[in-house]
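Understanding the architecture of this molecule
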Amino acid sequence: MGALTDRAAGLLAAHRWAAGPTLVSTVASGTAAATTLVIARGIGAAAFGHFTVVLTIALIVTVVMLTSLNSVMFQELPRAESAPRPDRLRTELVTTALLCTLALGAAVFAAGMLAAPLLTGALGVDTRTLAFALALALSMTLNQLTESFLRGLKRFRLVAGLKLAVAVAYLGGAAFFLLVLGVRDAEPYLVALIATNVVFALVSFAGFEVVPRAWSRALARSIYRHGAYVTVIGALTAVVFGIDVIFLNHWASRADVGVYSLYNGFPKRLLGVVFTDGVGLVLLPMLATSDKPAVMRRIARLAPAVFAATAVFAFAASTVFFLVMGDEYPYSLGLMALSALGIGAHTVFNLQQVALTMDGVRGARVLIGCLLAGTPLALACQAALIAWQGLVGGLVAFALSNLVLVAVVTAVSTRLYRPAGASEVSG
């Protein structure tokens, strides 16, 4: 235990330089989360339900458009420093990834609109809603990819400053729409979100170079092959943690979707702010160099404490922000307790997912197998419970879905990730 503490202290000291950018990035993410609350309160539960449906579809489509090239850039751009001509390789990586993503994103958008008669019926939305979702997905794809360029090139201060500027602009725009113009429809806020994503992507070009002739077919094959496993994981998690909103939109009212988003979606986003921008910078390097069987055993031992601590935090934090949300979002101790249980289980699963992903191809294959095994049962729970109990069923189903996945990952990792000397899976 002492060695682990010393190692954590050493990592913190080595990454002291990241304190400023991490703080700014966390504030930016917190501001973006607060803007969601402002919009939810201002436009009402029904309109916010529409906003949530568009965002949920966009998040799923983003997985297809982005194909995890942002994750590839996080790894490949730093590795380029050891290449014979690092500047040239970095330019080739950025150019190839950007041009491929623009082409794929445009193709997915066009295919989605051409398939609108089928997709709208399957998703329970109209063509206009689908178009907004596809446009938002394309803007989010460009935002995430260009951010990965900046982070991969170690432009941490630039990316943090841009994130904060865009977040403040979005909050200011939302406040203007609400307080000055009195807009109570979801679409202007979706347009503003799309615009801020595009502005971030355009301004970020100051931090990297794009040379069209540097595009490489061989490099394109390489980065897509690299991102394939992570894309499968992203697609499966996007479905298992996004389809609940689609089910709820089908079987309940838009107002219920809006209320569900506040009980479930906002705590998840708050968790992402704390986990990704807070502890991720130190946690990920530690996981990358740690003994994976030991990590998986440690997570299993800590799971009950992590579950309880996160559930209590989510419950307490939600009590605060519900006080300012108004009558359209009624506060219920029972609903908040269900939400907190789901967030606690979701945190444990996130830890397992990150640990396995950081084990490269071996861990990715294990995680994909676990998701393929657990997702059908999770989706069946969601469909049955939401059709039966609507909002309450959705919260119960979210908690059960995470518990199913945690149980599967725990069982599989306990068998495959054994202590040194025992048989382990081979990469």
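This report concerns the structure included in the present document. (Residues numbered from 1 in each chain as written. Predicted model: local features only at pLDDT ≥ 70, side-chain atom pairs only at ≥ 80, totals over all residues. Heavy atoms only, no water.)

Thoughts on the overall build of the chain
Helices and strands together make up the secondary structure of the chain, namely 15 helices and zero strands. Taken over 427 residues, the chain has a buried fraction of 50%. A sequence separation of at least 24 residues applies to 84% of the contacts in the chain between residues at least 6 apart. Carbon and sulfur atoms provide 69% of the accessible area of the chain, an area that totals close to 18,800 Å². (Helix = DSSP H or I, 4+ residues; strand = E, 2+ residues; numbered from the N terminus. Buried < 20%, exposed > 50% of the residue type's maximum accessible area, 1.4 Å probe, protein only. Contact = heavy atoms within 4.5 Å. Areas by Shrake-Rupley, 256 points an atom, 1.4 Å probe, with all protein chains shown as cover.)

Observations concerning a nonpolar patch on the surface
On the surface, Val198, Val199, Leu202, Val203 and Phe205 cluster together to form a nonpolar patch covering roughly 400 Å² of accessible area. Tracing the backbone shows Phe205 in the loop between α9 (187-203) and α10 (217-240). A relative accessible area of 34% places Phe205 in the partly exposed class. (Patch = residues over 30% accessible without salt bridge, like charges linked within 9 Å, V, L, I, M, F, W, Y side chains within 5 Å. Salt bridge = Lys/Arg side-chain N within 4 Å of Asp/Glu carboxyl O.)

Notes on the pattern of salt bridges
Applying the stated criterion across every chain, the model contains five salt bridges. Close ionic contact of Asp87 with Arg90 constitutes a salt bridge, the shortest N to O distance being 2.5 Å. Separated by three residues within a single helix, Asp87 and Arg90 lie in helix α5 (residues 86-114), roughly one turn from each other. Classification of Asp87 by relative accessible area gives exposed; the value is 52%. Among the ionic pairs, Lys163 bridges to Glu147, the shortest N-O distance being 3.8 Å. Taken as a pair, Lys163 in helix α8 (residues 156-181) and Glu147 in helix α7 (residues 127-152) lie far apart in primary sequence, 16 residues in all. The class of Lys163 is buried, set by a relative accessible area of 16%. Ionic contacts of the salt-bridge type, sharing partners, join the residues Glu147, Arg151 and Lys163 into one network.

Topic: the packing of helix α4 (residues 69-79) against α7
Packed helices, taken two at a time, are described by the angle their axes make and the gap between the axes. Two numbers describe how α4 lies on α7: the axes approach to 8 Å, and their chain directions differ by 15°. Our classification of the angle between α4 and α7 gives roughly parallel. Seen along the crossing, α4 lies across α7 with a hand that is right-handed. In this structure, α4 uses Leu69, Asn70, Met73, Phe74, Leu77 and Pro78 to contact α7, whose residues at the interface are Gln144, Leu145, Ser148, Phe149, Arg151 and Gly152. (Axes fitted to C-alpha atoms, helices over the stretch in contact; angles between N-to-C directions. Parallel < 35°, antiparallel > 145°, perpendicular 65-115°, else oblique. Left-handed = near helix turned anticlockwise from the far one by under 90°.)

Here we look at the side chain of Thr52
Following the sequence through the fold, Thr52 ends up in helix α3 (residues 45-66). Judged by relative accessible area, which is 8%, Thr52 ranks as buried. For Thr52, the contacting residues outside a window of four places in its chain are Val245, Val257 and Ser261.

Quick word on unusual backbone geometry
Residue Thr67 is not a glycine yet carries a positive backbone phi of 45°. The topology assignment puts Thr67 in the loop between α3 and α4.

Things to note about helix α14 (residues 333-357)
An ideal rise of 1.5 Å per residue puts 36 Å on 25 residues; α14 measures up with 36 Å between its terminal C-alpha atoms. Counting buried positions along α14 gives 19 out of 25 residues, so the element sits mostly inside the fold. (Expected span 1.5 Å × (residues − 1).)

Here's the deal with the packing of aromatic side chains
Aromatic rings in a pair are described by how distant their centres are and how their planes are angled relative to each other. The tally for this structure, following the rule as stated, stands at eight aromatic pairs. A centroid spacing of 6.4 Å and a plane angle of 55° characterise the contact between Phe176 and Phe177, whose relative ring orientation is tilted. Of the residues examined, Phe176 reaches a relative accessible area of 42% and is grouped as partly exposed. With a centroid separation of 5.6 Å and an interplanar angle of 40°, the aromatic rings of Phe247 and Trp251 are classed as tilted. You can see Phe247 and its partner Trp251 sitting in helix α11 (residues 243-251), four residues apart, about one turn around the helix. By relative accessible area, which is 43% here, Trp251 ends up partly exposed. Pairwise contacts between aromatic rings join Phe149, Phe205 and Phe208 into one cluster. (Phe/Tyr/Trp six-rings, centres within 6.5 Å; stacked < 30°, edge-to-face > 60°.)

Things to note about the nonpolar core
Within the largest apolar cluster, 84 residues are counted, with the highest numbers of intra-cluster contacts made by Ile43, Phe51, Leu136, Tyr189 and Tyr329. Of all the elements, helix α15 (residues 360-416) adds the most residues to this core, at 15 residues. Here Ile43 is in contact with Phe48, Leu178, Val183, Arg184, Asp185, Ala186 and Tyr189, once residues within four sequence places are set aside. In this structure, Val72, Leu162, Val166 and Ile223 belong to the second largest nonpolar core, which totals 23 residues. (Core = buried A, V, L, I, M, F, W, Y, C linked by side-chain atoms within 4.5 Å.)

Description of the side chain of Thr237
Within the element layout of this structure, Thr237 appears in helix α10. Discounting residues that sit within four places of it in the chain, Thr237 has contacts with Gly242, Phe349, Gln353 and Leu371.

Section: the environment of Ser148
Turning to its location among the elements, Ser148 is positioned in helix α7. As for Ser148 and Met73, which are separated by 75 residues in sequence, their C-alpha atoms are 6.0 Å apart. Setting aside residues up to four positions removed in sequence, Ser148 forms contacts with Asn70, Met73, Phe74 and Leu77. At 2.5 Å, the side chain of Ser148 and the backbone oxygen of Leu145 are in polar contact. (Polar contact = N/O pair within 3.5 Å; in protein donor to acceptor, adjacent residues only side chain to side chain.)

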